[in-house]
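In case you want the letters, here they are:
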Amino acid sequence: MSFYNWEHHWRRRFTHQSAFSGLTGLYWTNAIRDIGLALVNIFIPIYLYRQFGNISLVFIFLAVYHLSVVLSAYPVARIIRKIGLDYSGVLGGLLKLVFFVSLLASKTNPWLIWPAAWVWGLGVLFTWLVHHYYLAASSGRIHLFGQKVATINLIDRWLLTLVPIAGGIMLDWGGFQLTFMVAAVFLGISGLPLLFDKFNKKNMQVDLRDTLKGVVDPTAKKVWLALFAAGVTTEVVSTVWPIYLFLLIKNYTVIGMIQAGGLLFASMALVWLGRKVDQHGWRWQRPAIFVNAANLLFRGLVVSGMGLFLMESLYQLVSLFVWVPFDVHVYELAVRDRRLEFFVRREWMLHLGGLISSLVLAVGFALGAPWQWMFVFGAVSLSMVAVGEKNMKA
């Protein structure tokens, strides 16, 4: 019996009666993955900083990661097309497990840290190309993504509200090895629920020439600008901010509490926001972009624990009004295009932004630029999202 015949027989026998309906498999995958990520996400840059002892090298590591995504996005899309979404999701989780094992092993074998960056990029691709295609393909109709995106974000926020505190306590008590291994287990199994749903798409359309043609399409240039700017902003928020917190506070539990507090406020608004986005579109997005840009602009001036908590709480709450509508309209654009090709372009633009910003930040820190200028960089890039968002409207 061939592998594919065996797989078909296995699926019919063990999953037909218990198959998840709708997006349940994706929701479970997100929940399990988010537990693993929430334990360590804010602490990974801190671990890298402690490992390297040099902030610029942290951003060189991240540049390797982003380069991995940019160079591998199309080949990974071809693999996903061949093996299907569910096995690709499982592979994405396993690659993230390999990343954490390699990261921990790099303490005694320092050379492993660079392959680890590349593996993380592959894991991200197998995870997020599957996630985005799955969500976009779940509905042939447009303007109905708001509640779906909000539901996924609600799962994210609930878990990200509670788990970072546990991650901080675990770090203070058992160190990085224990925390990273627990996170790696959750990430390693996160793709399994996709095996138990009714949606296993294969043979999606993906052609290199058409994918590249979409990048240079003049009607889409502001869309790609918005995604590029989003990638730059993410680099500042997800890497500069955690290291800044660590240098000020040096207590993992308190860092986890600051992160969790901000997410708690945000989670309260999500379901309502998803419905409003479906009904009214982008009414709040542009003001929200500039509120959060101002937040980043002044963040480097805050040094007290309460001030940091309030800044993060406001940022996380306002972020919903930026990124939920943003993601909704990305999906609306994707369903008008060849979806897998569109999401390959999305990864290219986001991670080109991440790659260039990593190199800029590495040089900036090497030259001794003040922290405030790094947050100004993030504020400017976030403001650029507003330039592209008008072109993303349906």
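Draft legend 1. The arrangement of the pattern of salt bridges in detail. Enumeration according to the criterion identifies two salt bridges in this entry. Two residues, Glu341 and Arg345, come together in a salt bridge whose shortest N-O distance is 3.8 Å. Separated by four residues within a single helix, Glu341 and Arg345 lie in helix α14 (residues 339-366), roughly one turn from each other. Arg346 is paired through a salt bridge with Glu347; the nearest N and O atoms lie 2.7 Å apart. Like Arg346, the residue Glu347 is buried in the burial classification.

Draft legend 2. The arrangement of a nonpolar patch on the surface in detail. A surface patch of nonpolar side chains, about 300 Å² in accessible area, is lined by Leu57, Ile60, Trp114 and Leu359. Position of Ile60 among the secondary structure elements: in helix α4 (residues 55-83). Classification of Ile60 as partly exposed rests on a relative accessible area of 33%.

Draft legend 3. Summary view of the packing of aromatic side chains. The full count for this structure, using the stated rule, is 19 aromatic pairs. A centroid spacing of 5.7 Å and a plane angle of 10° characterise the contact between Phe59 and Phe365, whose relative ring orientation is stacked. Of this pair, Phe59 sits in helix α4 while Phe365 sits in helix α14, and the two are 306 residues apart along the sequence. Of the two residues, Phe59 and Phe365, both sit in the buried class. The lysine or arginine in question, Arg299, covers the ring of Trp241, its NZ or CZ lying 4.1 Å from the ring centre. Arg299 extends its terminal NZ or CZ atom over the ring of Tyr315, reaching a point 4.8 Å from the ring centre.

Draft legend 4. Here's a closer look at helix α2 (residues 24-40). Taking 1.5 Å of rise per residue, 17 residues should cover 24 Å, and α2 covers 25 Å from first to last C-alpha, within 8% of that figure. The element α2 is extensively covered by neighbouring structure, given that 13 of its 17 residues are classed as buried.

Draft legend 5. Main features of the side chain of Glu341. Glu341 sits in the buried class, given a relative accessible area of 1%. Side-chain polar atoms of Glu341 contact the backbone nitrogen of Asp207, separated by 2.8 Å. Apart from residues lying up to four places away in sequence, Glu341 is in contact with Gln205, Val206, Asp207, Asp210 and Thr211.

Draft legend 6. Quick look at the nonpolar core. Core analysis: the largest hydrophobic core is formed by 103 residues, its most contacted members being Phe61, Phe99, Phe100 and Phe180. Contact partners of Phe100, with chain neighbours within four places excluded, come to Val40, Ile44, Trp120, Phe180, Ala184 and Leu187.

Draft legend 7. Spotlight on the side chain of Thr239. Along the polypeptide, Thr239 turns up in helix α9 (residues 221-249). Residue classification places Thr239 among the buried positions, given a relative accessible area of 3%. Ignoring sequence-local partners within four residues, the contact set of Thr239 consists of Pro45, Val58, Phe59, Leu62 and Thr234.

Rules of the game
- Counting from 1, residues in each chain are numbered in the order their sequence is written.
- Local features in a predicted model are, by the rule used here, given only for residues with pLDDT of at least 70; side-chain atom pairs are given and counted only at 80 or more, and totals for whole chains, interfaces and linings are based on all residues.
- Hydrogens are left out, water is left out, and the side-chain values use all remaining heavy atoms of the structure.
- Put simply, a salt bridge is a Lys or Arg side-chain nitrogen that is within 4 Å of an Asp or Glu carboxyl oxygen.
- Numbering of helices and strands runs from the N terminus; a helix is a DSSP stretch of H or I covering at least four residues, while a strand is a stretch of E covering at least two.
- Relative accessibility decides the category of a residue: with a 1.4 Å probe and only protein chains considered, values under 20% of the type maximum give buried, values over 50% give exposed, and everything between is partly exposed.
- Patches here: salt-bridge-free residues with over 30% relative accessible area, like charges joined within 9 Å, nonpolar side chains (Val, Leu, Ile, Met, Phe, Trp, Tyr) joined within 5 Å.
- Here the open area of atoms and residues is found with the Shrake-Rupley method and a 1.4 Å probe, where only the protein chains shown may cover a residue.
- Ring pairs are drawn from Phe, Tyr and Trp, using the six-membered ring of Trp, whenever the two centres fall within 6.5 Å, and their geometry is named by plane angle: stacked under 30 degrees, edge-to-face over 60, tilted for the rest.
- Only Lys NZ and Arg CZ are tested; either one counts as a charge over a ring when it is within 6 Å of the ring centre and within 35 degrees of the ring normal.
- Expected helix span is given by 1.5 Å per residue-to-residue step, counting one fewer step than there are residues.
- Identification of polar contacts relies on pairs of N or O atoms within 3.5 Å, with a donor-acceptor requirement for protein atoms, meaning one able to donate a hydrogen and the other able to accept it, and with residues adjacent in sequence counted only if both atoms are side-chain atoms.
- Note on contacts: a residue pair is in contact if any heavy atoms of the two residues lie within 4.5 Å.
- In this description, a nonpolar core means a group of buried Ala, Val, Leu, Ile, Met, Phe, Trp, Tyr and Cys residues linked to one another through side-chain atoms lying within 4.5 Å.

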